Amino acid sequence: MSELRVLPVPSGAAVLGILPQLSAVLDGTAPAALPVPAADERETRRLMDALRPGDPIDDGVALVVATSGTTGVPKGAILSAAALRASGDATHARLGGPGAWLLTLPAHHIAGMQVLLRSVLAGSDPVVIDVSDGFDPGALPAAVESMSGPRRYTSLVPTQLVKALDHPEAVASLAALDAVLLGGAATPAPVLRRAVDAGIAVVRTYGMSETCGGCVYDGVPLDGARVRIDDDSRVLLGGPMLASGYRGLPDHPAFAEPGWFRTDDAGTVTDGVLAISGRLDEAISTGGLTVVPQVVEAALIAHPAVRECAVIGLPDERLGRRVAAVVVAEPGTAPTLAELRTFVERTLDTTAAPRELHLVDALPLRGPGKVDRRALESRFG
C-alpha cells in the first residue's frame, strides 16, 4: 500500500512543468496521484474532501481522475499506467500515428490530461492555450502555427467548436490539423456539418474518466475497446483502458461485472457502430411518458435561431415534470416558445415539445464541456 498524493496541475504554459512527472506516471514509477487545478482552491478542496489524498491506495494505481458526474459529489476513477498507455497508443493508432498536440482544455480533467499524456508518449511537448479565463478562438492561429509536424492534433469540447466556427482564422487553423477530437458532450448535428464543410477533420469521441477518456471514435471502438448493449439499452464498455473501480467505493454497481463499466448512457450498435441516444438518468417522465432530453435537443438545434440549447424537466403539478428548453439564441434572433414547439413537433411527438422556454446568454457547464442540467433545474425550477 502507498498513499495517494496531490498533483497540482497549473494552467497555461506552466503545465509543461509536470510533464516529467507524467512520464513517470506512464512508466509506473510515480506514486499514485490525484490531479487538481492548482489555481482553483475551492475545486481543489472539493476534490480532496471527496477523494482523500494522504490515505492509503493500492499499489499499481497511476492516477485517480475525478469524474464530472451529475450527483455533485465527484467520484475518482482509478487508472493504472497500463490503462493510460493503452488509451494513448490506441488513439495514435486510430489517428494515423503519434503527433504534436495542442492543449485547449483544463488538464486536471481526463480530456486535457490525455493531451499531456499522449504528448509524452509521442515524445514532444504540447502547445498550450491558456483557458483559465475561458477559451479564446483568436488564440488558435498562433498556437497551431507553432506546432511541429509531421502530424498535428487537438481536442475540443463542442462549446469551443461553436465559438471557433464564428472566427474564420480559427476555422482555417483547425482545418490545418490532422484531427480535431471532439468529446465531453454530444455534438449538435448542425455544428458538425459546419465544421466538416469547413474542412475540419472532426473525430467524435465517446468515453469518460472511467475509460481513460474517449475509447470509441466516430462510433467505432478503439483497438482493444469493447462495447455491449444491455437489455435496457444501457451501454457497457470494456477493454485495456478501463478503470479498476472508484476510489473508496469498492462495491459500486458500475463496476459490478468484472471487465466492464456500466455507463448511464442508452445506445444502440448497428453494423459495429455505436450511437448514443441519451442518458438514462436524465430522462424526463412527463404525463406518464418518457422524454429523452438529448433527442429533443437534437431537434431544437436544427432551428436557425437556436445556437445552443439544453432540455430539462421541471416540477409540474399535473404532469409530474414538464419539458422546458433553455436556449442560447443566434445573435439578432429571439425564438418564441410557440415556434420552437411547432418546430419540434415536425419530427417528434407532441409530448417532447417544450412547454416552457428560457433564453440565456450562456449555458452553465460542469467538467470541461457538459451542460450542468442540475444548475438549470435549480435556476428555473
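Residues numbered from 1 in each chain as written. Predicted model: local features only at pLDDT ≥ 70, side-chain atom pairs only at ≥ 80, totals over all residues. Heavy atoms only, no water.

Glycine aside, residues mostly have negative phi, and peptide bonds are mostly found in the trans state. The peptide bond linking G149 to P150 adopts the cis configuration, its omega dihedral lying at 5°. Following the sequence through the fold, P150 ends up in the loop between α5 (140-145) and β9 (152-156). Of note, C212 is a non-glycine position whose phi angle comes to about 55°, a positive value. Structurally, C212 is set in the loop between β11 (202-208) and β12 (213-217). Under the relative-accessibility criterion, C212 is labelled buried at 0%. (Helix = DSSP H or I, 4+ residues; strand = E, 2+ residues; numbered from the N terminus. Buried < 20%, exposed > 50% of the residue type's maximum accessible area, 1.4 Å probe, protein only.)

A few words on the nonpolar core. With 51 residues, the main nonpolar core has L22, L63, L79, L84, L95 and L116 as its most contacted residues. Excluding residues that lie within four positions of it along the chain, L79 makes contacts with V61, A62, L63, V65, L84, I110, S209, C212 and A243. Among the nonpolar cores identified, the runner-up in size contains 25 residues, and A143, V144, A170 and V171 belong to it. (Core = buried A, V, L, I, M, F, W, Y, C linked by side-chain atoms within 4.5 Å. Contact = heavy atoms within 4.5 Å.)

Right, let's get into the UniProt feature "domain: AMP-binding enzyme C-terminal" (unreviewed entry) in the protein. Within the UniProt annotation, "domain: AMP-binding enzyme C-terminal" (unreviewed entry) is assigned to residues 296-370. Taken end to end, residues 296-370 is 19% helix and 37% strand, and its two terminal C-alpha atoms sit 16 Å from one another. (UniProt positions renumbered as here; feature names shortened; annotations may be inferred.)

On to the packing of helix α3 (residues 81-95) against helix α4 (residues 110-122). The interhelical angle for the contact between α3 and α4, taken along N-to-C directions, is 75°, at an axis separation of 10 Å. With respect to α4, the axis of α3 lies roughly perpendicular. Packed against α3, whose contacting residues are L84, R85, S87, G88, D89, T91 and H92, the element α4 presents Q114, L117, R118, L121 and A122 at the interface. The residue makeup of the contact of α3 with α4, split by class, is 4 nonpolar, 5 polar and 3 charged. (Axes fitted to C-alpha atoms, helices over the stretch in contact; angles between N-to-C directions. Parallel < 35°, antiparallel > 145°, perpendicular 65-115°, else oblique. Nonpolar A, V, L, I, M, F, W, Y, C, P; charged D, E, K, R; others polar.)

Right, let's talk about the pairing of β11 for a bit. Bridge analysis of strand β10 (residues 179-182) against β11 gives 3 bridges, and the strand direction is parallel. By the bridge assignment for β11, V180 is matched with V202. Taken together, β10, helix α8 (residues 189-197) and β11 form a β-α-β motif whose crossover is right-handed. With 4 bridges joining them, β11 and β12 adopt antiparallel strand pairing. Bridge pairing in β12 places T205 opposite Y217. Between the end of β11 and the start of β12, which pair antiparallel, lie 4 residues, with C212 showing a positive phi angle near 55°. (Pairing = 2+ DSSP bridges. Right-handed = clockwise from strand over helix to strand, strands pointing away.)

Another point: the sheet that holds strand β17 (residues 273-279). Neighbouring strands of a sheet are bound in pairs by backbone hydrogen bonds; such pairs are parallel or else antiparallel. One open sheet accounts for 4 strands, arranged β14-β15-β16-β17; its pairing is antiparallel. Each end of this open sheet is capped by a strand with a single partner; those strands are β14 (226-229) and β17. The mean inter-strand angle of the sheet, taken between neighbouring strand axes irrespective of direction, is 50°.

Quick look at the side chain of E210 now. Looking at where E210 falls in the secondary structure, it is placed in the loop between β11 and β12. A distance of 2.5 Å separates polar atoms of two side chains, one belonging to E210 and the other to Y246. Other than its neighbours up to four places away in sequence, E210 contacts T67, A77, M241, L242, A243, Y246, F255 and F261. (Polar contact = N/O pair within 3.5 Å; in protein donor to acceptor, adjacent residues only side chain to side chain.)

An ideal rise of 1.5 Å per residue puts 18 Å on 13 residues; α4 measures up with 18 Å between its terminal C-alpha atoms. Listed in full, the buried residues belonging to α4 are I110, G112, M113, Q114, V115, L116, L117, R118 and S119. One or two steps after α4, the chain reaches G123, where phi turns positive at roughly 75°. (Expected span 1.5 Å × (residues − 1).)

The final tally for this structure, using the stated rule, is 22 salt bridges. As a salt-bridge pair, R194 and D166 come within 3.5 Å of each other at their nearest N and O atoms. Taken as a pair, R194 in helix α8 and D166 in the loop between α6 (158-164) and α7 (168-175) lie far apart in primary sequence, 28 residues in all. With relative accessibility at 39%, the residue R194 sits in the partly exposed group. Given the relative accessible area of 40%, D166 is considered partly exposed. The salt bridge partner of E282 is R279, with a shortest N-O separation of 3.7 Å. Salt bridges here are not isolated pairs; linked through shared partners, they connect D232, R234, D264, D265, R279, D281, E282, E297 and R373. (Salt bridge = Lys/Arg side-chain N within 4 Å of Asp/Glu carboxyl O.)

Evaluation of the coordinates by the stated rule reveals 3 aromatic pairs. Note on W101 and Y153: the rings are 5.0 Å apart at their centroids and 50° apart in plane angle, and the pair reads as tilted. Within this pair, whereas W101 is found in strand β7 (residues 100-103), its partner Y153 is found in strand β9, the two being separated by 52 residues in sequence. The burial state of W101 is the same as that of Y153; both residues are buried. Each ring, one from F255 and one from F261, has its centre 5.1 Å from the other, and the planes form 40°; the classification is tilted. There is no split in this pair, since F255 and F261 are both buried. Among the aromatic residues, those joined into a ring-pair cluster are Y246, F255 and F261. The ring of Y246 carries the charged tip of K75 above its face, separated from the ring centre by 5.3 Å. Residue placement shows R228 over the ring face of W260; its charged tip is 4.8 Å from the ring centre. (Phe/Tyr/Trp six-rings, centres within 6.5 Å; stacked < 30°, edge-to-face > 60°. Lys NZ or Arg CZ within 6 Å of the ring centre and 35° of its normal.)

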